[in-house]
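Single-letter residue listing:
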Amino acid sequence: MAKPIAPIPHKDGIAPSFVGLPQGDWPLVLDFLIARFPHVAAEDIRGRLLRGEVVDEAGTPYAVDSPYRAGTVLWYYRPQPEPLTVPFAETILYQDDILLVVDKPHFLPVTPVGRYALENLQTRLRQRLDNPEITTLHRLDKETAGVILFCQQPAHRHAYHALFESRQVQKTYEAIAGFRRDLVLPYVHHSRIENRDDAFTVQEVAGAPNSETAIELIEQRGDYAHYRLAPHTGRKHQLRVHLAGLGIPIVNDAWYPELMPDKGNDFSSPLQLLARTIEFIDPVTGEARQFSSQRALVWPAPSMMS
């Protein structure tokens, strides 16, 4: 089933949700919603109907006594959890009618999730530029800062997505991480990365490699070093798990090599990983594009650098 056209607009940059009404013997829409969302108190659902917060395909609010009609669609705004504010601003590096290039700060998710349903880069940009069609073109971890691309027109998203799928986009990262005197650099690391069964993190396992990262040394200071990283593949958490697997984890990495407690509101120790540059041939204009982050990484305090 193709996603139907919403009769109500985005709210605070968040798209409305919808539910198709299947065949069933519910007398009222209220009865269906109570059965469909057992984790929501019946009085809360009734209250939303009384306030006109659930609408049909035409945008007309359902009432508490609206009859159930199978085959129709209802729309609503999903309740948002208490937001977590990220006190760092993004920077727009480039903008035209189609492409939007942004320098993302640390700690800010790219898309809505959990407590970050409103506090995320995509929603910020939609509100800032008054354009609900802005959509990210690739991934960047919440903990990672740097360059990321967005598309402002749905008709052109596929062309840019195809570049990433065919590996026609060159990305370089930088990181401050541990230093191994016995690791000869530059070095290309290959490994097989798989999801874990017991956590959201990934792990390197035996088997045919499915990931590759080129690692170059920029500068060394004591037990730490500044690296340039060029991933040839785009596996989840690839750079973080690769450096941790080599025994040189990225400074302030709370996930690798060991999963630490959630930082919550603590923004004092950002992961020292930066998406520095991105290069590609624009599939719409044919132009050679190159964009670079203006952000800087931070070395550990001298007391930590023996």
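Residues numbered from 1 in each chain as written. Predicted model: local features only at pLDDT ≥ 70, side-chain atom pairs only at ≥ 80, totals over all residues. Heavy atoms only, no water.

Details of the overall build of the chain
- Each helix and strand counted, the chain has five helices and 14 strands in total.
- Expressed as a percentage of the 306 residues in the chain, the buried residues total 44%.
- Intrachain contacts of the chain at a sequence separation of at least 6 include 62% that bridge at least 24 residues.
- Carbon and sulfur atoms make up 52% of the accessible area of the chain, which amounts to about 15800 Å² in all.
- The chain carries 31 positive and 37 negative side-chain charges, and their two centres are separated by 1 Å. (Helix = DSSP H or I, 4+ residues; strand = E, 2+ residues; numbered from the N terminus. Buried < 20%, exposed > 50% of the residue type's maximum accessible area, 1.4 Å probe, protein only. Contact = heavy atoms within 4.5 Å. Areas by Shrake-Rupley, 256 points an atom, 1.4 Å probe, with all protein chains shown as cover. Lys, Arg positive; Asp, Glu negative; His and termini not counted. Charge placed at Lys NZ, Arg CZ, Asp CG, Glu CD.)

Describing the sheet that holds strand β1 (residues 17-20)
- Read across the open sheet, the three strands follow the order β1-β3-β2; overall the sheet is antiparallel. Unpaired on one side and paired on the other, β1 and β2 (54-55) mark the two borders of the sheet.
- Relative to strand β3 (residues 73-76), β1 runs antiparallel, the two sharing four bridges. Opposite V19, over in β3, you have L74 as the bridge partner. (Pairing = 2+ DSSP bridges.)

Looking at the pattern of salt bridges
- Applying the stated criterion to the full structure yields 19 salt bridges.
- For D103, the salt bridge is made with R295, and the minimal N-O distance between the two is 3.4 Å. On the criterion of sequence distance, the pair formed by D103 in strand β5 (residues 99-104) and R295 in the segment after β14 (288-292) is long-range, its members being 192 residues apart.
- For D182, the salt bridge identified is with R180, shortest N-O distance 2.9 Å. (Salt bridge = Lys/Arg side-chain N within 4 Å of Asp/Glu carboxyl O.)

Concerning the packing of aromatic side chains
- Counted according to the given criterion, the structure contains eleven aromatic pairs.
- The interplanar angle of 25 degrees and the centroid separation of 6.0 Å between the aromatic rings of F88 and F107 together place this pair among those described as stacked. With F88 in the loop between β3 and β4 (91-95) and F107 in the loop between β5 and α3 (121-129), the pair connects residues that are 19 residues apart, well separated along the chain.
- Classification of F88 by relative accessible area gives partly exposed; the value is 32%.
- The exposure class assigned to F107 is buried, which follows from its relative accessible area of 3%.
- Cluster of aromatic residues (ring-pair linked, three or more members): W26, F32 and Y68.
- A cation over an aromatic ring shows up here: R36 above the ring of F37, its NZ or CZ 4.9 Å from the ring centre. (Phe/Tyr/Trp six-rings, centres within 6.5 Å; stacked < 30°, edge-to-face > 60°. Lys NZ or Arg CZ within 6 Å of the ring centre and 35° of its normal.)

In short, the description is geometric, and any link to function would need to be established separately.
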